[in-house]
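Report on the structure
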Amino acid sequence: IAMTTNSGYITVHQLSKKSIFSSYHELYARRDNFTDVIVENIAMADQSNAIFSSVYGSQIFITHNGGNSFDSVRLDDPRLNDVFFAGPKLAFAIGVYFWRSEDAGDHWTKVVDLNKPEFPDTYKSLFFLNEQTGWIAGGGGIYKTIDGGKKWTAQLTPEFILDSLQPIFSDT
């Protein structure tokens, strides 16, 4: 994971002994033992709090000091695809499960198992308007929640083909 404080001209590597390179919307960090850790997405609540989701390894990297140091949390989820802050401390993550954190990523609660027939594919992207209303998207379609992720309703998307390999929501 790398950080810049001057528009990208000088980059300081924040996780020791790891090199970074970009490929197909994902950041790859190669460890010294050549085991790949793929950082799929980044969510930032503010200048201090950020969460990085790791596709493989069930890991989330967290900073509360603007990237000066990182902690990691291992979740019981084989594929963490996306993370999103819905408030200063409220964060959500999606993989095989839908997760919720109320302390900017230090602790996570499994909310819903998305590996069920009513969720027919991999979900790669999530977006929330506030702590209750949000969407997940992937090859199985778009689903909406109005209760913070406890229940999800399929959204009709006529003539709209979702590519489960690409996220569709953006903060920009």
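The structure contained in this document is the topic of the report that follows. (Residues numbered from 1 in each chain as written. Predicted model: local features only at pLDDT ≥ 70, side-chain atom pairs only at ≥ 80, totals over all residues. Heavy atoms only, no water.)

1. Topic: the environment of Ile51
With respect to the helices, strands and loops of the structure, Ile51 is situated in strand β6 (residues 50-54). Measuring from C-alpha to C-alpha, the distance between Ile51 and Ala93 comes to 9.6 Å, with 42 residues separating the pair along the chain. Dropping the residues within four chain positions of it, Ile51 is found in contact with Asn41, Ile42, Ala43, Ile60, Phe61, Val83, Phe85, Ala91, Ala104, Gly105 and Trp108. (Helix = DSSP H or I, 4+ residues; strand = E, 2+ residues; numbered from the N terminus. Contact = heavy atoms within 4.5 Å.)

2. Considering the pattern of salt bridges
Following the criterion strictly, the structure yields two salt bridges and no others. Where Asp76 meets Lys110, a salt bridge forms, and the shortest distance between an N and an O atom there is 3.6 Å. Of the two residues, Asp76 sits in the loop between β8 (71-74) and β9 (82-85) while Lys110 sits in strand β12 (residues 109-113), which places them 34 residues apart along the sequence. The class for Asp76 is exposed, based on a relative accessible area of 54%. The exposure class of Lys110 is partly exposed, given its relative accessible area of 38%. With a closest N to O distance of 2.9 Å, Arg100 and Glu102 form a salt bridge. (Salt bridge = Lys/Arg side-chain N within 4 Å of Asp/Glu carboxyl O. Buried < 20%, exposed > 50% of the residue type's maximum accessible area, 1.4 Å probe, protein only.)

3. Description of the side chain of Thr63
Mapping Thr63 onto the fold places it in strand β7 (residues 59-63). A polar side-chain atom of Thr63 sits 2.9 Å from the main-chain carbonyl oxygen of Ser69. Not counting the four nearest positions on each side in its chain, Thr63 is found in contact with Ser48, Asn49, Ala50, Asn68, Ser69 and Phe70. (Polar contact = N/O pair within 3.5 Å; in protein donor to acceptor, adjacent residues only side chain to side chain.)

4. Topic: the packing of aromatic side chains
Here the structure, examined in full by the defined rule, presents nine aromatic pairs. Look at Phe98 and Trp152: their rings are 5.1 Å apart centre to centre, the planes differ by 75°, and that puts the pair in the edge-to-face class. Of this pair, Phe98 sits in strand β11 (residues 97-101) while Trp152 sits in the loop between β15 (141-145) and β16 (153-155), and the two are 54 residues apart along the sequence. Among the residues examined, Phe98 registers a relative accessible area of 0% and is labelled buried. For the pair Phe128 and Trp152, a centre-to-centre distance of 6.4 Å together with 85° between the ring planes defines the contact as edge-to-face. Here the residue Phe128 occupies a position in strand β13 (residues 123-128), and Trp152 occupies one in the loop between β15 and β16, the gap between them amounting to 24 residues. Each of the two residues, Phe128 as well as Trp152, counts as buried. A network of ring pairs unites the aromatic residues Phe92, Phe98, Phe128 and Trp152 as a single cluster. (Phe/Tyr/Trp six-rings, centres within 6.5 Å; stacked < 30°, edge-to-face > 60°.)

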